[in-house]
Amino acid sequence: MKENGKWSSGFGFIMASAGSAIGLGNLWKFPYVASANGGGVFLLVYVIFALAIGVPVLLAELAIGRYGGKNAVDSCKAIHPAWGFAGGFGIICSVLILSFYSVVGGWVMKFFSKCITEGLPSPEYFGEYSSRTAEPILWQTAFAVICGLIVVMGISAGIEKASKILLPALLIFLAGVMIYTLTLPGAEEGVKFFLVPKALGEIPLSKVILSAMGQMFFSLSLGMGTLITYGSYLPKSSRLVPSAYTIVIIDTLIAVTAGLVMIPAVFSFGMDLKAGPGMIFSTLPAVFARIKGGRILGAIMFLLIFIAAVTSAISLIEAVASFLIYRLKISRKAAVAVTLGMVILLGVPASLSFGVLSDVSIWGMNIFDFIAFAADNVIMPLGAIFICILVGRIWGMKNAAEEISNGGRLKFKGRKLLGAILNYAAPAVILIVTVGAFR
Ligand code: TRP
């Protein structure tokens, strides 16, 4: 087996991991999920869960990866030979997520190019475009291939280098766009709705809590083996606790910023906040159409969403490819090719489910929604529960703390608390979200 390589710097690792976490979940899902769930209350619940559950589970994954030093399955096996399956959930889930991620990534590329060449798309355009047969598949394939090429270049020369440029660019531009949209007349109402928790009206609190937890797991890429894989490229001297906090904080800040870009803009023109998944593809272009410089703003927004999607997709490809490289003893290039092959095979029906295959329904969902449901609501939570059990009970908190404190060289006072969260709180919470999703 060829050595996969290591991160060349702590900064590079943080940018790559934050880049993995920051994706369509932050820019596409978070604003509409928050809007549909009461705004301020949702945000409050979200932040509490991110700190109380997100940080510990993320820390557990990084610790497994750095300890095992291999892909998700074999790192879990290094802890206990019978527990490779805990990482296996992540590998399967990565392929599933990639297949619908590349569909959305393709839409984003198309919308960007349309803003540049023709102008802002009309609100109806999204429905019409996504139901076409050939063109979305071409863009989807282009998206997958671009991400694959970055992964082929390797850990430090490909993934790390791309993330070190793309993520800071995303942060800076998004902050710029936020300042612009916050100064729109009438934006204030939207800011209040999003930042101030107030009575929920007819939305049940249980629904808000369920959606916040689900969103948190998706946004932080938890239970997926990605962070195990990225953790395996860390030098033994790295500091895991500050890394976990930093990744969660950056991810949450970007989600909040995305909310502050989109929600006030939508409010300011009195448009429908409940647009759901179509928010960035129909409502947002309609909002931009009424703003001076809206076309440029639209192009920038779609470019940023594209960047966020790329840095996430490369981490998903890496999680699968590193497993294939190790197990099948094939080259990085071949592993990426096999991964993309699976992704396209599944992704094409997912894309067509908005058009010619829209009548195909699995448990009342179209193919796209079914794949997303299976990944987000079944496989990802199961993987996360097993990772909690693996670290909390099988490995045990004594060994885990040994790894987290770099063999006692760093202070680590949170061992008891971390144990309580991994053994009880996190599995309970995840179970509730999962069961809740089926009701
Ligand atoms: N966190 C990503 C986002 O916010 C989505 C995601 C979920 C993901 N699981 C992942 C990305 C695993 C990379 C790896 O869009």
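Here goes a summary of the coordinates provided. (Residues numbered from 1 in each chain as written. Predicted model: local features only at pLDDT ≥ 70, side-chain atom pairs only at ≥ 80, totals over all residues. Heavy atoms only, no water.)

## Topic: the overall build of the chain
Across its full length, the chain carries 17 helices and zero strands. For 439 residues, the compact-globule formula gives about 22 Å, and the C-alpha radius of gyration of the chain, at 21 Å, lands near that figure. The principal-axis extents of the C-alpha atoms in the chain amount to approximately 60 × 50 × 45 Å. The buried share of the chain, taken over its 439 residues, is 60%. Put simply, of all contacts in the chain between residues at least 6 apart along the chain, 80% involve residues at least 24 apart. For the chain, the accessible surface area stands at approximately 16,800 Å², while carbon and sulfur atoms represent 69% of it. Side-chain charges in the chain split into 32 positive and 19 negative, and the spacing between the mean points of these groups amounts to 11 Å. (Helix = DSSP H or I, 4+ residues; strand = E, 2+ residues; numbered from the N terminus. Rg over C-alpha atoms; globule rule 2.2 N^0.38 Å. Buried < 20%, exposed > 50% of the residue type's maximum accessible area, 1.4 Å probe, protein only. Contact = heavy atoms within 4.5 Å. Areas by Shrake-Rupley, 256 points an atom, 1.4 Å probe, with all protein chains shown as cover. Lys, Arg positive; Asp, Glu negative; His and termini not counted. Charge placed at Lys NZ, Arg CZ, Asp CG, Glu CD.)

## As for the environment of methionine 178
Structurally, methionine 178 is set in helix α8 (residues 155-182). Judged by its relative accessible area of 18%, methionine 178 is buried. Between the alpha carbons of methionine 178 and valine 261 there is a distance of 4.7 Å; along the sequence they are 83 residues apart.

## Here we look at unusual backbone geometry
For lysine 329, which is not a glycine, the phi torsion comes out positive at approximately 50 degrees. Structurally, lysine 329 is set in the loop between α14 (294-328) and α15 (332-352). With a phi angle near 50 degrees, tryptophan 363 is a residue other than glycine that sits in the positive phi range. Position of tryptophan 363 relative to the elements: it lies in the loop between α15 and α16 (367-404).

## Observations regarding the site of the ligand
What surrounds the ligand is a group of 16 residues, the closest being Ala21, Gly25, Tyr101, Phe218 and Ser219. In the environment of the ligand, an oxygen atom lies 2.6 Å from a nitrogen or oxygen atom belonging to the backbone of glycine 25. Within the backbone of serine 219, an N or O atom sits 2.9 Å from a nitrogen atom of the ligand. Look at the ligand: alone it shows 350 Å² of surface, and the protein chains cover 100% of it. (Near = heavy atom within 4 Å. Polar contact = N/O pair within 3.5 Å; in protein donor to acceptor, adjacent residues only side chain to side chain.)

## Here's the deal with empty space enclosed by the protein
Per the counting criterion, the structure on display carries one cavity of 30 Å³ or more. Within this model, the largest cavity holds a volume of roughly 140 Å³. Lining the largest cavity are 13 residues; nearest its centre among them are Ser20, Tyr101, Phe218, Ser221 and Leu316. The dominant element in the lining of the largest cavity, judged by the number of residues it contributes, is α14, at three residues. Among the residues forming the lining of the largest cavity, the class breakdown is six nonpolar, seven polar and no charged. (1 Å grid on protein atoms, 1.4 Å probe; cavity = no way out; pocket = protein on both sides within 12 Å on 5 of 7 lines; lining within 4 Å. Points joined across faces, edges and corners; volume = space filled by probe spheres on them. Nonpolar A, V, L, I, M, F, W, Y, C, P; charged D, E, K, R; others polar.)

## Examining the layout of surface pockets
Approximately 1,100 Å³ is the volume found for the largest pocket. Around the largest pocket, the lining is made up of 35 residues, and of these Lys29, Tyr32, Phe373, Asp376 and Asn377 lie nearest the centre. Elements with a minimum of two residues in the lining of the largest pocket: α2 (24-36), α5 (84-117), α10 (205-219), α16 and α17 (415-438). Considered class by class, the residues forming the lining of the largest pocket number 22 nonpolar, eight polar and five charged. Estimates place the volume of the second largest pocket at around 210 Å³. Every residue lining the second largest pocket is listed: Leu51, Ala52, Val55, Pro56, Leu59, Val241, Tyr245, Phe412, Gly414, Leu417, Leu418 and Ile421. Elements with a contribution of two residues or more to the lining of the second largest pocket: α3 (40-68), α12 (240-268) and α17. Residue contributions to the lining of the second largest pocket peak at five residues, all from α3. Per-class residue counts for the lining of the second largest pocket are eleven nonpolar, one polar and no charged.

## Comments concerning the state of the cysteines
Applying the stated rule across the entire model yields zero disulfides. Take cysteine 76: it sits in no disulfide, and the sulfur closest to it among the cysteines is that of cysteine 388, at 12 Å. Cysteine cysteine 115 shares no disulfide, and the gap to the nearest cysteine sulfur, in cysteine 147, comes to 20 Å. (Disulfide = S-S within 2.5 Å.)

Distances and angles like these do not, on their own, reveal function.
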